[in-house]
Amino acid sequence: MTRNSRNQGLAVAKAAKQDEFYTQFVDIQKEVEAYLEFDPDTFRGKIVYCNCDDPFESNFFKYFAANFNKLGLKKLITTSYDGSPIAGQLTLFPEYNEGNGKRQKPKALAVTIDHVKDEDGDGATNIEDVKLFLKRNKASRMALKGDDKYPGGDFRSAECAALLNDSDIVVTNPPFSLFREYVAQLMEHKKRFLIIANKNAITYKEIFPLIKRNKLWMGARAFSGGMWFVADYMGKYEKVVDGVKLINVPAIWLTNLDHGRRHQELPLMTMADNLKFSKHKEIKGKGAYDRYANYDAIEIPFSDAIPSDYDGAMGVPITFLDKYNPDQFEILGSSMTLGVPMSQVATKGSYLQGGPRFYIENGDGSYRRMYDRIVIRHRRTRTTKGTHK
C-alpha cells in the first residue's frame, strides 16, 4: 500500500491547505482556566491526551507541559501525525528516523511525560525543563509506525487508539474534515474532551443529537466571531501580531467538561414586554411573534428575545447554544428534522426550495425560508399559571 493511499483521511485535511493552523497559547489558557474556575480539580490526577499535536510546536502540549504541576496532571501524552511539516524539527530524537527507511521524512512521534521538575537547576519548572527531560529520557518518546490502514500518528491507528484508551481527557484541535469520525471515536471510548470544531459542526446529523442529549456542549468561549489561528494559509494571512501571522477561522470549542457559563441563567422579559420594549425592530411593536408555516413553534430571531412566559416550542438561532443552560431550557430538535415538507403546506412556486428548513408566511401568499433553527422550550411545569402556550 502506498503512502498516499494510506494517508487519505488525515492528509485530506492537511494537504488541502499545505500549512497548519495552530491554536494560540492564550486561547487555550483562557478556555482551560474557565473550567478550573468552576472546578479546580478538573484535570487533577488525570491523563491528558493531545492526539493531533506536534510536541513543542503545539501550544496544547506547551500549555499542559508548562502547567503540569499546577493542574496536578498524572500524565501528558501528545502524538504528531506522519507527514507533519513541523515534526521534522524533532530530529534531535533518534527515534524519529526509526521504521521504514523508504518513507520520506518526517515520521510520527509520541511523547509522554509523567512529571515535571527543575531539570536545568534554575529554580523554576517550565517548558525548558520538559525539553531537557525528553532529551535525557528515551523512554518518554517513541516513533509511531502506523498500520496497514492508517499512517503513523493518525488518531484512528491502533497505536493511537491504545493511547486514547489509557487517557482520561482529550484536548486538541482535530482535523475538521474528519470531525464526525473523530467525535465518534471519543464517544465510543467514553472519553472526556475539550476540542475545537468548525461552527458548522453543531448542525451535523452526527453531532447535533449529542448536543440535544447533553452528551456534548459549547465551551466557555462565546459563539460570536471566530478564532485567530497561527497560520500562513497558502501564503495568505489576515493580520500580523508581534511578528506572528494569523488567520481567522469560524471555530468554537466543544466539550463534555462542565463549566460555569453553562449554568448561568439567561435573563428574559415576558412576551408582552418583548413586543413593547424589545431593542430589536423585528420584535418591537409587533402584535405577536411570527409562527412557522411548517412546524408548530414561534420564531425567535434573537436569543434575548425569548419570552419568559411562553411554554410552547420556540425556534432560536444556532448562536443560542453558547447561552444554553440545560437547567433552564430543553432542546427538542432542529429545523433540519422537525419541519414538515413545504410541498405539503403550500403550492409550488410560493416558497424557495432547498434543504429542510422552517418557513414563515409573508402575508401575500409567499413564504420566506429561515436559517437553521434550534427548537427549544422552557424546562418547567407546563401548567404554570399565567403563561402563554
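This section reports on the structure supplied with the text.

What counts and what doesn't
Residues numbered from 1 in each chain as written. Predicted model: local features only at pLDDT ≥ 70, side-chain atom pairs only at ≥ 80, totals over all residues. Heavy atoms only, no water. Helix = DSSP H or I, 4+ residues; strand = E, 2+ residues; numbered from the N terminus. Buried < 20%, exposed > 50% of the residue type's maximum accessible area, 1.4 Å probe, protein only. Core = buried A, V, L, I, M, F, W, Y, C linked by side-chain atoms within 4.5 Å. Contact = heavy atoms within 4.5 Å. Expected span 1.5 Å × (residues − 1). Pairing = 2+ DSSP bridges. Axes fitted to C-alpha atoms, helices over the stretch in contact; angles between N-to-C directions. Parallel < 35°, antiparallel > 145°, perpendicular 65-115°, else oblique. Nonpolar A, V, L, I, M, F, W, Y, C, P; charged D, E, K, R; others polar. Phe/Tyr/Trp six-rings, centres within 6.5 Å; stacked < 30°, edge-to-face > 60°. Lys NZ or Arg CZ within 6 Å of the ring centre and 35° of its normal.

1. Some remarks on the overall build of the chain
Part 1 of the reasoning: From N to C terminus, the chain includes eleven helices and 18 strands.
Part 2 of the reasoning: Within the chain, buried positions represent 50% of all 389 residues.

2. Details of the nonpolar core
Part 1 of the reasoning: Judged by nonpolar contacts, the single largest core of 51 residues is most densely connected at Phe179, Leu254, Ile306 and Ile376.
Part 2 of the reasoning: It is helix α8 (residues 179-188) that provides the largest number of residues to this core, a total of four residues.
Part 3 of the reasoning: Excluding residues within four positions of it along the chain, Ile306 makes contact with Leu266, Leu268, Met269, Asn274, Ile300, Met314, Val316, Phe320, Phe329, Ile376 and His378.

3. So, unusual backbone geometry
Part 1 of the reasoning: For Lys190, which is not glycine, the phi dihedral falls at a positive 55 degrees.
Part 2 of the reasoning: According to the relative accessible area criterion, Lys190 is exposed, its value standing at 76%.
Part 3 of the reasoning: Here Asp242, not a glycine, exhibits a phi torsion of approximately 55 degrees, which is positive.
Part 4 of the reasoning: Of the residues examined, Asp242 reaches a relative accessible area of 79% and is grouped as exposed.

4. Here's the deal with helix α3 (residues 25-38)
Part 1 of the reasoning: Its 14 residues give α3 an end-to-end C-alpha distance of 21 Å, which sits within 8% of 20 Å, the value for a rise of 1.5 Å per residue.
Part 2 of the reasoning: Within the sequence span of α3, burial applies to Asp27, Ile28, Glu31, Val32, Ala34, Tyr35 and Leu36.
Part 3 of the reasoning: Considering only its buried residues, α3 is in contact with β1 (22-23), α4 (59-66), α5 (68-71), β7 (192-198), β9 (227-230) and β12 (251-255).

5. Let's talk about the pairing of strand β18 (residues 373-378)
Part 1 of the reasoning: With five of six residues buried, β18 lies mostly within the body of the structure.
Part 2 of the reasoning: Both strand β14 (residues 314-317) and β18 contribute to a ladder of four bridges, which runs antiparallel. Residue pairing for β18: Val316 is matched across the bridge by Ile374.
Part 3 of the reasoning: As paired strands, strand β15 (residues 329-334) and β18 are joined by five bridges and run antiparallel to one another. Bridge pairing links Ser334 to Ile374 in β18.

6. Structural notes on the packing of α4 against helix α6 (residues 127-136)
Part 1 of the reasoning: At a minimum axis separation of 9 Å, α4 and α6 run at an interaxial angle of 100 degrees. By the angle between their directions, the pair α4 and α6 is classed as roughly perpendicular. Across the interface between the two elements, Phe61, Lys62 and Ala65 from α4 touch Ile127, Val130 and Leu134 from α6.
Part 2 of the reasoning: Classifying every residue of the contact of α4 with α6 by side-chain character gives five nonpolar, no polar and one charged.

7. Overview of the packing of aromatic side chains
Part 1 of the reasoning: One pass over the structure, following the stated rule, counts ten aromatic pairs.
Part 2 of the reasoning: Aromatic side chains Phe60 and Trp253 sit 6.2 Å apart centroid to centroid with 70 degrees between the ring planes, which places their arrangement in the edge-to-face category. Taken together, the positions of Phe60 in helix α4 and Trp253 in strand β12 put the pair 193 residues apart, joining distant regions of the chain. No difference in accessibility class separates Phe60 from Trp253, as the two residues are buried.
Part 3 of the reasoning: Where Tyr351 meets Tyr359, the ring centres are 5.7 Å apart and the plane angle is 80 degrees; that geometry is what we call edge-to-face. Like Tyr359, Tyr351 is buried.
Part 4 of the reasoning: An aromatic cluster is defined as three or more aromatic residues linked by ring pairs; in this entry it consists of Phe25, Phe43, Tyr63 and Phe64.
Part 5 of the reasoning: The residue whose ring lies beneath Arg156 is Phe155, and the NZ or CZ to ring-centre distance is 5.4 Å.

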